[in-house]
Amino acid sequence: MKTIEVDEELYRYIASHTQHIGESASDILRRMLKFTAGQTASAAANVSAATAVKASAAESIKSESRPQDRVRAMRELLLSDEYAEQKRAVNRFMLILSTLYSLDAKAFGAATESLQGRTRVYFAGNQQTLVENGTHTKPQHIPGTPYWVITNTNTDRKRSMVEHIMLSMQFPVELTEKVCGTL
C-alpha cells in the first residue's frame, strides 16, 4: 500500500463520496474512476476519460433539473474548516440549522413548526415570540433564514432538535446520527 498526499479540498471531495461507514479512500477512488484490480493504466485512462465526459454531461443536466444533493451538502458541512473550527456546540448547532434551511426551506419550516418543548417554543419567526414563551431562552437568529431559535438548552436537547428536523426532512438515519454526534 502506497501513501499519497492530497490537499484538503480534494480530501473533502473524496470523503463526500463515501457510500458507507468504513469505506476506504482506495475503494472510493476505484468506484469513482471505475478502476478494477488488474486493469492496466492505459485501459483505466480510456475508461476514465469516457466516464468524465459522461459525468460532465450528466452533471450539467442534473444541476439544471434537480435540487442540490442534500446528503452531500451535509457531509461537506461536517468536513468543512468552518465547522471544524467551532469550539462551542451552539455554534455548530447554528451552522447545521443554516445549512438545513438552505437545502429545503419549506421542509425546514414544516419540521420546526411541530417542534416545541413542554413549556418552551424552540423556533419562531421573531425573537419576541421566543422570549415570551420561556425564561432565559437566549434566542439567536439563524443566519440566512427568517427563523430564530432558543440556544439556552443543553447539548442533548440541541441534538434532539437537529434529529427531529433531519428525520422530518427525510435525511438518512445514518447521516442524521453522524451529524448529531458532532454537536
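See the structure above.
Given the structure is predicted, the values throughout are model-derived calculations rather than measurements. (Residues numbered from 1 in each chain as written. Predicted model: local features only at pLDDT ≥ 70, side-chain atom pairs only at ≥ 80, totals over all residues. Heavy atoms only, no water.)

(A) Spatial organisation of the side chain of Thr-145. Residue position: Thr-145 is located in the loop between strand S2 (139-141) and strand S3 (148-150). Relative accessible area serves as the criterion here: at 7%, Thr-145 is assigned to the buried category. Those residues in contact with Thr-145, other than ones at most four positions away along the chain, are Ser-98 and Tyr-101. (Helix = DSSP H or I, 4+ residues; strand = E, 2+ residues; numbered from the N terminus. Buried < 20%, exposed > 50% of the residue type's maximum accessible area, 1.4 Å probe, protein only. Contact = heavy atoms within 4.5 Å.)

(B) Main features of the packing of aromatic side chains. Applying the stated criterion to the full structure yields four aromatic pairs. Judged by centre distance (5.7 Å) and plane angle (90°), the rings of Tyr-101 and Phe-108 are edge-to-face. Take Tyr-101 and Phe-108: they sit in the same class, and that class is buried. An angle of 90° between the planes, with centres 6.1 Å apart, marks the rings of Phe-108 and Phe-123 as edge-to-face. Here the residue Phe-108 occupies a position in helix H7 (residues 105-113), and Phe-123 occupies one in strand S1 (residues 123-124), the gap between them amounting to 15 residues. One exposure class covers both Phe-108 and Phe-123, and it is buried. (Phe/Tyr/Trp six-rings, centres within 6.5 Å; stacked < 30°, edge-to-face > 60°.)

(C) The arrangement of helix H10 (residues 173-181) in detail. If you check which residues of H10 are buried, you get Leu-175, Thr-176, Val-179 and Cys-180. Viewed along the axis of H10, the buried residues span an arc of 135°, placing them on a single side of the element. Projecting away from the buried face of H10 at angles above 90 degrees are the exposed residues Val-173, Glu-174, Glu-177 and Gly-181. Among the structural elements, helix H4 (70-79), helix H5 (81-84), helix H6 (89-103) and helix H9 (155-168) are those in contact with the buried residues of H10. (Arc of directions from axis to C-beta.)

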